[in-house]
Each structure stands twice: as C-alpha cells, then as structure tokens.
Number of protein chains: 2
Amino acid sequence: MELSQRKEKILAAVVEHYIRTGEPVGSKTLLNALDISVSSATIRNEMAELAALGYLEQPHTSAGRIPTNEGYRYYVDRLMGVRQLDESVKRQIEAGMSIKNVSPEAILAKASEFLADMTECAAVSTTPSGENATIRRIEFVPVGTRTGMIVLLTSTGVIKSKVCRSDVDLNSSMIEKFYNIVKSSFIGVPLDDIDTATLQTLVASMGMDALTMIPFVSAVSELAQEATRTMVMLGGQSNILRYREEYGTTAYELMDFLRRGEPISQLLANSKEDLDVKIGGENQFKQLENSSVIMAHYNIDSDNRGSIGIIGPTRIDYASLIPSVRYLTDLVGELLTQTLNED
Amino acid sequence: MELSQRKEKILAAVVEHYIRTGEPVGSKTLLNALDISVSSATIRNEMAELAALGYLEQPHTSAGRIPTNEGYRYYVDRLMGVRQLDESVKRQIEAGMSIKNVSPEAILAKASEFLADMTECAAVSTTPSGENATIRRIEFVPVGTRTGMIVLLTSTGVIKSKVCRSDVDLNSSMIEKFYNIVKSSFIGVPLDDIDTATLQTLVASMGMDALTMIPFVSAVSELAQEATRTMVMLGGQSNILRYREEYGTTAYELMDFLRRGEPISQLLANSKEDLDVKIGGENQFKQLENSSVIMAHYNIDSDNRGSIGIIGPTRIDYASLIPSVRYLTDLVGELLTQTLNED
DNA sequence: GTTAGCACTCTTTAGTTGTGAGTGCTAACT
DNA sequence: AGTTAGCACTCACAACTAAAGAGTGCTAAC
C-alpha cells in the first residue's frame, strides 16, 4: 500500500511524536511539529484516512491518534531515516564492550548487560549455535586422587570443562584407557551424535572396563551437550518496569517469559534476516503482543551464528535503537570470531 | 519489653491475619479468629495499648491495625511457633536440589532459583567465601598452538579454569618454565596474596623470560581473584512483582538493587547469626526499607562459608518460610561439602 | 482540494454525598 | 479493677454529578 507523500509525512510525525511522548497526538500538535502549510482540518482529514487504512487508531473518540502495529511497520519499513550511528555512540559501545581474555559466554553476557543499560530495554543474546561442530580434542586433568577435570575443545573453538569423579582411585592405566576411548570414539565426532544410544553401545563394547569408565564417558557426553546447547543471556529485566504504563499488570508475565530462555531462543533463531524488527503481534508469542523486538545476528562462520536483541514496548525508538543493536552485534561478532579462531 | 499473655495472643493474631490477607485487622475480626472470651471492646483497649507501645499502627483512624516493624520483630522473636518442617516439604526441597555432578556455582544458582520458586520471593545465595584458601595445584592444558587452559585448584576444593593465549607458539620448555614458576611462587600461597604488586616483583625476577610468561602469570592471578570473589546468585527477581501492592513504584529500585550484587553480598556477610531475619528498616540499605530478609548460612569448614536468603515484603510468612530457608541452606551446605571435599 | 466554524464526544478532574468499617470514650456492670 | 455495651465520631472509599478541555467529524464556504 503506497501512501501519498503528505500522508507519509503525517504518519511519520505521529509515530515519532508518540514514541517521544507516549501521548496520543492531535491535529494541532502536528501542525506545529510539521512544517507544512495546511490547516489542522486538512490534517484531520488525512488522519481520518490513515485511520481508515489501519495505520492509526484512536484510544477513544476525543483523543488524538496513536500508531497501530501496521503504522509502526510502515514507518520502520519506509519512513524511518536509516540514521547513521554517531561516532560518539560507536565509541561508547566499543568502550562498553572492551573486555578481554574472557570466554564467549562472558562476552555475550556483557553484551546483554551493556545493551540493556544503553537502550533501557531488556536485552537478550544467544551463544553461537555451533551446528555441525565436532569434537576436536579432549584432555583429562587429574586434580585429586579420584577427581579429574575433563576439557573438551570443539572444532568451532569452544572450550568446555567439567570436573568428574571416579568411583575408584585414578591410575595411569585408567587414564590411558580413557584417552584410547576418546581417540577411537570421540575425536572428530559431531557433537549432536553423542546421545545416550551411542554411549550405551560404546559402554557395552568396553566389557569389564565399562564400570570405571562410565563417569568419564558421561562427563564427555554432558560436555558435548553443553557445547551444543545455545544459551540465552538475559540482561536488564528490570528495565521492563520503566514501561509500567504500557505493560500494566502484564509486566510480570513478560518478565517470566524472558526468564524462561527457551522461547527467546526460538524467537531469535526463527529470524533469517540480518536484522529483524518484530512489532507487537508479529511475534509468535502472545506474551510479546505488546512488545517489539529488535534483533540482529552475528556470524562467526557459516555454521556458527547467534543473535542479540532488545525487547521493549511497541513505542520503542526504532530509528535510533536499530543502528545501535546492529553495531553492537557486529562488534560482538568480531570479538567472538577473534576469540574462537585464535589458536 | 514483656507483654501480657493476652496482648501477645492478640499481637500474634494481628500479625498472622495481616500476613495472610494483607488487610488491616479490626477488633471484630480478631474476636472470631481468637478463641478468647472477651468482647471486642476489650480487644480494642488492648490494641490501643499495643499501638501505644509501638507494636501496631493504624494506616488511618478508621481502619484496623497492622503490625509495625517492631511488631513483626516481637512476633518473630517470641511468638512465632518454631514450626517443624513438614516431611513433604522436606522431600520437595530435596527433590528440587537433586542435581549432581555439577559445580558449586551451579548448585547455588539452582538453590536461588528453586528457593525463589518455592517461596515466591526473590532469592539470593553467595558462593563460599574461601577465606585463607591457598593454591593447591595448577595445571596447564595446551589446546592450540598458542592457547592453553590454566586450571587452578584451591585448598578449599574450588576449581577454576581459564583459557589464555600466548604471544608466541607454545613449546615444552615454556610449559616447563611455567610449572617451575608455579611450583616456586604459587603453590601454597594464599589467594589473597596474589595481587599486582606480587606479580610485578615476580615478573621482574624472571628476567628475559618475563615477556612470554606474562599471559600465563596474569591468567593465574585472574583465576585467583575469581576464586576469592564471592559471587552472588540471584533468582526470581520477577517475584518482586507479585507484591506490587506493597512496593508500588519502588519495585524498580528494589530490582535494580538486587541486580547489583555487591550490596547483597555485604548484607549477607554482615550477619553473624546462624539464621537471621532483618525486618524493614533493620536492613542497612534504604532500598530494603519495605522488605524483610530471611537468611541462613552454610558452613563447609571454618574458613569457608556462604549464605542463602530470600527477600520479600515485610508481611512475609516468617513462620513457614524460616524453616524452609534453614533446611535448604543446610542441605546446600552438605551438597557443597560433598562436592568440595571429595577427591 | 482546502479551510473555518461548530456541534459533539468522551476523558479527566474536582466536588459532593453517602456508606461502612472501625475506633475511642463513657458509663454501667461484675 | 477489669470488662462490656452503647454510641458518637472519623475517615477511606465508591458513586454520582458537574465543569473543563482536548480533539474530532462534518458542513458549508472558499
């Protein structure tokens, strides 16, 4: 649906004013905000048509107009200036993310935290998906008479470790056996393939050694699962309360939804675009019907991607937040690429 | 201040009724709740005196009475029956905490999460303090041509690891040198002593090897710091919103306060009692002036203790939550002792 | 197509009134 | 002296009314 230039101008002004003030905007207000030489009556007529087209709505008869979800959508797709990010903001983001010598998880946790503070929204991020990753290496580090730490390194550069406990005292022949098992059954194997079925056949084939090896083998399996699972990092839940006005009593449901992680993970994974905006009901989850999500994706390599996003009310400041999310996401992508590929 | 038996009965009834309903309680209501053969007028007189003594207050002239902080305090200290925990609740807690093969952090995170769900309050826990802990062992696991994982094991059984990156390719002589440094300068050293000053003298004494060793040495130092730092695990922030009524707009401040971690850590550490209840303003932080904190401490050994607590409105159900917090904390203490002492 | 003008709608705020819960006090009772 | 019935009093709360104000939609003229 193509709108006249004047309608577009009016729609944009309504959206921007409403985003700024949270108040329905009337024809007179627009007259001031808009440098257009028509009267308020004309604007009223145009607004009435915009309402008929479904881009604006009235909370009640004698109030100004507010954008509908379709109104926001039109604005985001066609009207919003693709603002270039201020140099100062860029530097602020870079400063915020200048942490080093840390794990991918810590980088992403920091990203959520920082993005939440910066945008005053709730922020989420997911760890790299690591699809098709295989086990590159496994090490066993004895730390006690019966305990050792197993370190797993994936082909995507992720390192996971876990302490495990043997039922009997460790000795060098056991460790040797463990490394044999690792070499024959784990190295080069895709992480997804390490399921309980595989482990059972493996254990079965070990004969009388099985019992002592079980803790080690299952530790490897848990590590493999951890390395596969994309984790969701959540930051700034409390920012939801900044928008009490628009959320009312549903604030609790939203916070609870965010906490769950799993649906967020789906939400982010379902988006194929490089950068995606979902407005209100466009989100598949009803808990988000009054929220907008701005999300971007980072790519470490073709098999290894993740997402970062913010969640706020539908009257979020799209024009200035979208570039921030994009820039931060790109930056995190670079940081992760560095971290994971250097060795 | 010693109250007459009848006054105590009335105070207890007011507290319990108010905790249950959230409504100010009047003399007639008490008449029903109390199996006492006096008239409402007598109760009114008694309540007036309790108010004069500072144990009760009136939101406004023509409303019933609600307990003051002092009222709650008297109730908690002297009136509340030290209820024995139901067997079913015990089993519920045990079931909730039956996770195995995980790190102390994961146990405590789970404890916060579970306790929050169970009590419908926000819950916090701190990792063991590890005072006076020393470095027991350090291992280096090569994982790439230039990267390796350093594993640090403390005398208290805590294991921390970190990936670090060398500026040059690793070779066996470097690793040997690293182990020499470890043996001479780290093993047996208290974690607290590993500060930047010590490291500088250490690096200075290494002469020309210093440059290549710096990443390793500083990684050890970071690990030592991580192992010292008590972390705060937070669960169920969203439960704050269950008490919108009592928190109103301060809900945001409270959530923000919880998120900070550091003050929580102080709060928990400042309590010397085995189990401690802080009511409203008894807390040193003004963000908690409308909240009560129930906290308990676990002891792994004399140098190694931590805390678990819940935070809710002052009209929290002390009688039934205190035993739950205590039981869970004891259980976590046992779990951690097992985890940390077995090797 | 645009605009001035005006009646109309509907929210918001303030003011009014009535109701009910609950108190505090007094005087009588045990 | 402690207890109780009785009653006047207070005050939040809800329901209602009135006035104000913002903003619209429509009509008729430009």
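The structure under discussion appears in the preceding block.
Small disclaimer: the values here were computed from a predicted structure and weren't measured. (Residues numbered from 1 in each chain as written. Chains lettered and ligands numbered in written order. Predicted model: local features only at pLDDT ≥ 70, side-chain atom pairs only at ≥ 80, totals over all residues. Heavy atoms only, no water.)

Would you explain the protein's contact with DNA strand C in this entry?
Taken together, 22 residues sit near DNA strand C, with Arg6, Thr42, Thr61 and Ser62 of chain A together with Ser27 of chain B positioned nearest. For DNA strand C, the fraction of protein-proximal atoms (within 4 Å) that sit in sugar or phosphate groups is 76%. Here a phosphate oxygen of DNA strand C sits 2.5 Å away from a polar atom, N or O, in the side chain of Thr42 of chain A. Side-chain polar atom of Ser62 of chain A to a base oxygen of DNA strand C: 2.8 Å apart, as the coordinates give it. Every element with two or more residues in the surface near DNA strand C is listed here: helix H3 (40-52) of chain A together with helix H3 (40-52) of chain B. For the surface near DNA strand C, the element with the highest residue contribution is H3 of chain A, accounting for four residues. Looking at side-chain class alone, the surface near DNA strand C contains five nonpolar, 13 polar and four charged residues. (Near = heavy atom within 4 Å. Polar contact = N/O pair within 3.5 Å; in protein donor to acceptor, adjacent residues only side chain to side chain. Helix = DSSP H or I, 4+ residues; strand = E, 2+ residues; numbered from the N terminus. Nonpolar A, V, L, I, M, F, W, Y, C, P; charged D, E, K, R; others polar.)

What should I look at first to understand the relation of the copies chain A and chain B in this one?
Relating one copy of the chain to the other requires a rotation about an axis plus a shift along that axis. For these two chains of identical sequence, chain A goes onto chain B by a turn of 180° and a shift of 0.1 Å along the axis, with RMSD 0.1 Å. Each copy turns onto its partner about a two-fold axis. Taken as a fraction of all interface residues of chain A, those also at the interface in chain B reach 100%, which identifies the copy contact as same-surface. (Least-squares fit on C-alpha atoms with pLDDT ≥ 70 in both. Contact = heavy atoms within 4.5 Å.)

Would you mind going over the interface of chain A and chain B with me for this structure?
When the parts of a complex come together, some accessible area is lost, and that lost area is often taken as the interface size. Listed by partner, the interface residues are 38 residues for chain A and 39 residues for chain B. For the chain A and chain B pair, buried surface summed over both sides reaches about 3200 Å², with 55% attributable to carbon and sulfur atoms. Two residues, Asp117 of chain A and Arg259 of chain B, come together in a salt bridge whose shortest N-O distance is 3.8 Å. Summed over the shared surface of chain A and chain B, the number is seven residue pairs in polar contact (both at pLDDT 80 or more). (Buried area = accessible area lost by both parts, 1.4 Å probe. Salt bridge = Lys/Arg side-chain N within 4 Å of Asp/Glu carboxyl O.)

How should I be thinking about the protein's contact with DNA strand D in this particular structure?
Around DNA strand D sit 22 residues in total, of which Ser27 of chain A together with Arg6, Ser39, Thr42 and Thr61 of chain B are the nearest. Taken together, the sugar and phosphate atoms account for 76% of what DNA strand D places within 4 Å of the protein. In the environment of DNA strand D, a base oxygen lies 3.0 Å from a nitrogen or oxygen atom belonging to the side chain of Ser62 of chain B. Of all the elements in the fold, those that place two or more residues in the surface near DNA strand D are H3 of chain A together with H3 of chain B. The leading source of residues in the surface near DNA strand D is H3 of chain B, at four residues. When the residues that make up the surface near DNA strand D are grouped by side-chain class, the tally is five nonpolar, 13 polar and four charged.

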